[in-house]
Each structure stands twice: as structure tokens, then as C-alpha cells.
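# Geometric and topological summary
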2 protein chains.
Amino acid sequence: MPASRATTLRDVALAAGVSIKTVSNVVNDHPHVRPAMRERVRAVIDELDYRPNGIGRQLRQGRTGLVALAVPNVTSPYYGELTSTLVTAARARGLTLLVEQTDGETEREREVAAGFPVRLVDGLVFVPLSMPVEELARRRDSTPAVLIGEHGDGSGIDRVTIDSVGVGELGTRHLLERGRRRIAFLGDKEPVRSPVVAQRVAGYEQALRAHGVPVDPRLAWVTPEWERSHGYEGTLTLLAAHPDVDAVFAANDLLAYGALHALRQLGRRVPEDVAVLGVDDVEQSRYTSPTLTSIALDRAVMADLALGLLVDRLAGVEGPPRLLTATHHLEVRESTAGTGRA
Amino acid sequence: MPASRATTLRDVALAAGVSIKTVSNVVNDHPHVRPAMRERVRAVIDELDYRPNGIGRQLRQGRTGLVALAVPNVTSPYYGELTSTLVTAARARGLTLLVEQTDGETEREREVAAGFPVRLVDGLVFVPLSMPVEELARRRDSTPAVLIGEHGDGSGIDRVTIDSVGVGELGTRHLLERGRRRIAFLGDKEPVRSPVVAQRVAGYEQALRAHGVPVDPRLAWVTPEWERSHGYEGTLTLLAAHPDVDAVFAANDLLAYGALHALRQLGRRVPEDVAVLGVDDVEQSRYTSPTLTSIALDRAVMADLALGLLVDRLAGVEGPPRLLTATHHLEVRESTAGTGRA
DNA sequence: AGGGTGCGTTCCAACGTTGTAAAGTCAACG
DNA sequence: CGTTGACTTTACAACGTTGGAACGCACCCT
């Protein structure tokens, strides 16, 4: 098959013996087209398999219907599921999602924030990981953007977030109620705590104090990232340094998987010896051994809220940056079962 | 900030006191622009934060640089990792990936095959799951496409595949060598075996015969899809019907996770009582309990091959459909360890 | 029968960009 | 000093589409 030029309005118009605009009117279901004419044109459209050229249309209308999603990666379950939800939610709103991966690298995130070198998308859904969001306040790119995630204030941009202090508090309280007293927080950051971590740790300490359990800052254990391997290695070193730890509050499910793996290797039973709790409630957590208790962040809600904010801006809504908070809740499973020792 | 119109070439030209084309020449690094002029224009570009409008450019050039990826979903680890690899590989080739999810539904896949209602992408990377690929031979859409996955012949389209018979044979042989004799194949399809399944089962039976082990067709166990939950339920019913099964060859890792979960619940030890083997070698498989032996399909190679085929077509290369086969290999882990009973 | 009405269709322009070709500038040379 | 030629810059058209205005026509009303 010779790569022949695609069918255009002109071809259809020529074949149907009408003007280009009439064909356009038929395609766009405009009124004031006589049924007979509509029929005739439609027939030719079908015959030639005409489909409008998106570029021409977009050029005329000044919008592309494309939204970029900039996310650390689509591989890890949490972002994968978030991406999936966003793809679907975007389609439901007539938008198409275009995926960009930053790997969480500050430099790549800065590039995304600065705007793509070629203007193509109408909006941006951004999940920055390492870059200070205050920088976003200074960005010159006028493309509407929404932030998803647990970031600090000062970005000057619409965002959807989670109550991170609440997450830290909820998880810790659950472990305390299960009788645990030496609760480690796995996934701290050095040298500077990002807002997410700072807030989660704050919630963690708040719950400890509320229960009259002393806060041991040495149990806030640092990992380079939040991948399975870091959870594995972090747990090995953590338990070597503090063998009396009876619960691990992992900053996300991946870290928790690594922790489970390490604990099994160390011969520690979960949950009898050490309870493990994650955050994100990824699908896999229903199938680990033992199944993982986790704090679920409602991704469908997040995706929908984020796109809602973005669509408003695309429609020209002005006003100060808005902040929405998605809900979270605890999914109790085997890894924190039982009454514990205390 | 008033949503002012974005800066265009005309604005820059006006501000710099030159013609539009000169600015265009500077932007595109064309020769024959005097250094002084280049400087002057660049300064204005920076000042106004001019970035070319992708649409205008694309309209002129007749291409968008966009490639659609149609995949069942980006949530499941295998497709997620494939998507991730493709996003990166596409970027390396100056293309941008746009994600479409079919959920593996035949109707959605047909729509993708028929071409998007609006012509926007230059090419398509397609991972059909349920639709008969022979239908693709009849598609009218002239957008170049590449298929990824284990499909039969007759699509008339470039594709990257895996030696599915080899996969079935390799996994089964491994289990046989570990002394297993009652090996179930988990993930068969009813009423019609797709090419993938048919080939894998063929390899499975071939290995059994080569070892002189009788083929018991009742051990090819049907699951509706290849999700964790189906692996879980399938394994429960499988072991109820055939308690003597000593190995489960799952069609993918997700099914295997479900199988591990079910076996643990049934009190069967893995691998002592029942060995489990998956396909895809997803990251998670290094962290399950026990860690999962799996057949790795080289996704990076697949992504690269697929984009290579596509880019050729975009460049106008003609010729009959091409077929490339990506490599696979066995990753042995705990779930098939030991010598078995026999 | 003439004029108005309203519908159906066509023409023109514009979206922002770049290829082509033409026009302009300048220096060096005869 | 004029011409040539090389190097810069500009004008124009076109990519495919759609909004708006203009045009044409049939029909109805008076």
C-alpha cells in the first residue's frame, strides 16, 4: 500500500460536489444542513474513510485537548495506578493524556515546570517528587497546571493533596492500639525532610505522645528512595541497630514489601514479632505473605479532583490557587493482626 | 494573571523589528543568519519566553511526533513496566507517547484498530489482547502500527513477539528437572485458546512428552483473565479437583501471586509441596514470599525493536510486514527451589 | 407580483509555522 | 564606479480546519 496522503475535507468536498465548509458542517453536526445533503456527504465520508485531521482543527480552535502527565515513573504500582485512573478520567472529559517520566530527578522536574520546549499541551498534571515546589511560583509558563501529592504551600498552583499528618497519626495509632511500642518509621529523608516526610513524621510523633510512648528519634530510619530494595536494606540495618523494634511503619507499600522480605530473611515473624504497615494500598498488598495492612489514598478521587481543577482553568476560570484534600483510610490486613506483646 | 495569548513568532518579530521568517530561522538554527541578528532575536525570544507552538509547526510539517500506545492497562506490573520502557525509548527518538487503555476489551481494541476518530498521532504501538489480529489485516486506517505481544500470523502488520512455544517448554522443563510430575498450567482460556495460550500449552505438552510424562489435559486450568484474583481462585479450585498437583506453571506473575496466596491459605508449602513458576519476571517477584521463579521477557529489547520498526515506517520505508522476536530467559528463585519429591 | 424571511450553501480569513523563491545588502573585484 | 557574487533577509503560499459574513434561493405574506 503506497503511503498515500490522508483524506482531507477538500477530497470529500470534491467527491461530493460541495464546498469544503459544507462537509465541515456535516462533520461537526452543525444545523442548517439539509438532510439530503447531510446524507450525501456522510456517504462520501464513509466511502473515503475521512477523519478530521486533529492538527488543523486544533490550530483553528487554539487547543489540542492534550494534557501532559509528569510523574516520576509509571512502573511503581502507586504511580501506575494513579496514571491509569488519570488516563480514564481524562478520556471521560474528552482529554488525552500524554505521559512524561521524571524519575523523580530534580533537574527533569525543573524542565517540566519550565514548560516543554514546544508548546503542545493545554494543561499539565504534575507529581513532583524532589523539586522544591516553591520554585513553581516563579515559573513563567502560562500553561495551567495542577499538582498532585503531598507538598508544602507556596507553589501558587492548584493542587490535590492528602492529609499527611493524619496519615502518620492514623498508622501510628493503629500500631499502638495493637500493643506495639517500639515503632520505627521507615523512609525518612536526609539531609532535608521533604514536606511529605516532615508531616508524616509529625503525625507519627503526635500519636506516640498522645499514647504516652517516648519518641525515639533514632527510629526514624532514612532510606535513599522509597523502592523495594531500599525497604529491604533499610530494614536489615534498622533491625541490626535496634533489635527491639516491634513495628515498622513504612512510608509506602514498596518499602513495606522490602521490609517483609528482610524480616523473613532475619527469621522475624510478621506480625507476631514485628508488625508492618504501608501506605498507598496498592493492589499487590492484598496478595503478599502476609497480606499487608496499608493506608489507602483514594486515587480515583485524587484523579478526578485534579482534572476538575485543571478543566476549570482550561475553561478560563481565574482566581487564587485552590487546595483540595483527598480522603484516606486504613485497610487492616494480616501484617498488623493480633494483639501484640504488650 | 490574565490568561493572555501565548507569544507567537509574530510577536517576537514585531518586538525585534525583523520578519517572522527570520525569527523562525533563528529558532530552527538555520544557516545564513548573521551572528548579530541571531543574538538580537535570541534576546527577544528569551525576554518574551517564546516557545514554538507545536500545532502550527506540526500542521506545516504534516506530522505530530506523537505516537499512541494502546495497552490493556498501565496498572498491572507487566504493562506498566512495558509502558515505562516505551515512554523512555520514544523520548530518545524524539517521539512522545500518548497512552490509551483498552482494558483488553475486544470492542475497545477494535476501535483502536479502526483508527482514532480524530487523526492526531503519527503511529501506533498496539498490544491487543482479545481481538483476533487477523482483523487488523483489513483495517483501513493508514497510520503505521506495530504490534507487541504473542499473536498469530495474519495481521499484516509489523510486530515484535516472543517465542511462546519456547516459553512453555522452558518453564515446564525446569519444573520437570526439579522432579515435578503433576504440573498444572494455570491460565488457559475458554472456549477458544488465543494464540499465546495455544503456543504456551503446546510448549508445555512438548516438554512433558520429551520427559515421558503423561499429558493430563485436565491440568490445563482455565481462568477468566490473568489477574491476581483469578490466580487465587483458580488455584483453590484446581487443588480441590487435583490434590496431587505438585507444580503450578502460571501464565504470568500476577496469576502466580494469586496462586502463592491460595497455597499458603491451603497450608501447602511452596516449594516443598507445590512449586510455582510465573512469566514476565516483574520487579515484585524478587520480593514475594517465597520469591518467585519466573521467565523474563526482555521488555527493553521489545520496546526498542517495536519503536525501531515504527520509526522505519514513519520514515516511509515500504515492504512486507516484519517479525522480530525478543529474547526470554529463566530467573530461578525460591518458589521452585529444592529437588522435589520424585 | 414584489419584498421579506429564513434556511442552506459558499467564500474569505485566520490559527502559527516553515519551504521556496525572490528581494535586498554588502564587499570585493575589474 | 559599476558589476558580480555571496550572503542575509523578506514576501508569499501552503498545511487542514472552522467562524463569520455573504450570497442565493424558495417560500410565504401582503
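Here, the structure is the one placed above.
Residues numbered from 1 in each chain as written. Chains lettered and ligands numbered in written order. Predicted model: local features only at pLDDT ≥ 70, side-chain atom pairs only at ≥ 80, totals over all residues. Heavy atoms only, no water.

## What about the protein's contact with DNA strand D?
- Surveying the vicinity of DNA strand D reveals 26 residues, the closest of which are Leu9, Ser24, Tyr50 and Arg60 of chain A together with Thr22 of chain B.
- Of all atoms in DNA strand D that approach within 4 Å of the protein, 66% are sugar or phosphate atoms.
- Between DNA strand D and serine 24 of chain A there is a distance of 2.8 Å, counted from a phosphate oxygen to a side-chain nitrogen or oxygen.
- Between arginine 60 of chain B and DNA strand D, the recorded distance is 3.3 Å, taken from a backbone N or O atom to a base oxygen.
- Looking at the surface near DNA strand D, the elements that each hand over two or more residues are helix 1 (9-16), helix 2 (20-27) and helix 4 (54-61) of chain A together with helix 2 (20-27) and helix 4 (54-61) of chain B.
- Top element by residues in the surface near DNA strand D is helix 4 of chain A. It accounts for four residues.
- Taken together, the residues of the surface near DNA strand D sort by class into nine nonpolar, ten polar and seven charged. (Near = heavy atom within 4 Å. Polar contact = N/O pair within 3.5 Å; in protein donor to acceptor, adjacent residues only side chain to side chain. Helix = DSSP H or I, 4+ residues; strand = E, 2+ residues; numbered from the N terminus. Nonpolar A, V, L, I, M, F, W, Y, C, P; charged D, E, K, R; others polar.)

## Observations regarding the sheet that holds strand 6 (residues 183-188) of chain A
Residue and element names in this part refer to chain A.
- The mixed open sheet is built from six strands, whose spatial order is 7-6-8-9-10-12. The open sheet is flanked by strand 7 (220-222) and strand 12 (328-331), the only strands paired with a single partner. Here the average twist between neighbouring strands, direction ignored, is 20°.
- Bridge analysis of strand 6 against strand 7 gives three bridges, and the strand direction is parallel. From the neighbouring strand, aspartate 188 faces strand 7, where its bridge partner is valine 222. (Pairing = 2+ DSSP bridges. Axes fitted to C-alpha atoms, helices over the stretch in contact; angles between N-to-C directions.)

## Considerations on the protein's contact with DNA strand C
- Lining the immediate surroundings of DNA strand C are 26 residues, of which Thr22 of chain A together with Leu9, Ser24, Tyr50 and Arg60 of chain B lie closest.
- Backbone sugar and phosphate groups make up 67% of those atoms of DNA strand C lying within 4 Å of the protein.
- Between DNA strand C and tyrosine 50 of chain B there is a distance of 2.4 Å, counted from a phosphate oxygen to a side-chain nitrogen or oxygen.
- Within the backbone of asparagine 53 of chain B, one N or O atom sits 2.9 Å away from a phosphate oxygen of DNA strand C.
- Of all the secondary-structure elements, those providing two or more residues to the surface near DNA strand C are helix 2 and helix 4 of chain A together with helix 1 (9-16), helix 2 and helix 4 of chain B.
- In terms of residue count, helix 4 of chain B provides more of the surface near DNA strand C than any other element does, four residues in total.
- Residues that form the surface near DNA strand C fall into these classes: nine nonpolar, ten polar and seven charged.

## Notes on helix 9 (residues 228-241) of chain A
- Between its terminal C-alpha atoms helix 9 of chain A stretches 20 Å, which fits the 20 Å expected from 14 residues at 1.5 Å a residue.
- Among the residues making up helix 9 of chain A, those that are buried are Arg228, His230, Gly231, Tyr232, Gly234, Thr235, Leu238 and Leu239 of chain A. (Expected span 1.5 Å × (residues − 1). Buried < 20%, exposed > 50% of the residue type's maximum accessible area, 1.4 Å probe, protein only.)

## Brief notes about the side chain of aspartate 253 of chain A
- Within the secondary structure, aspartate 253 of chain A is located in helix 10 (residues 253-266).
- Ignoring any residue separated from it by four or fewer positions in sequence, one finds aspartate 253 of chain A in contact with Gly278, Val279, Asp280, Asp281, Val282, Ser285, Leu292 and Ser294 of chain A. (Contact = heavy atoms within 4.5 Å.)

## Here we look at the pairing of strand 8 (residues 247-250) of chain A
All names here are of chain A.
- Here strand 8 shows no split at all, with Ala247 and Phe249 on one side and Val248 and Ala250 on the other all buried.
- Where strand 6 meets strand 8, four bridges bridge the pair, whose relative direction is parallel. Its bridge partner being in strand 8, phenylalanine 185 is matched across the sheet by phenylalanine 249.
- Where strand 8 lies against strand 9 (residues 275-280), three bridges are found, and the strand directions are parallel. When the bridges of strand 9 are listed, valine 248 appears paired with valine 276.
- With respect to chirality, the unit in which strand 8 leads through helix 10 into the neighbouring parallel strand 9 is right-handed. (Right-handed = clockwise from strand over helix to strand, strands pointing away.)

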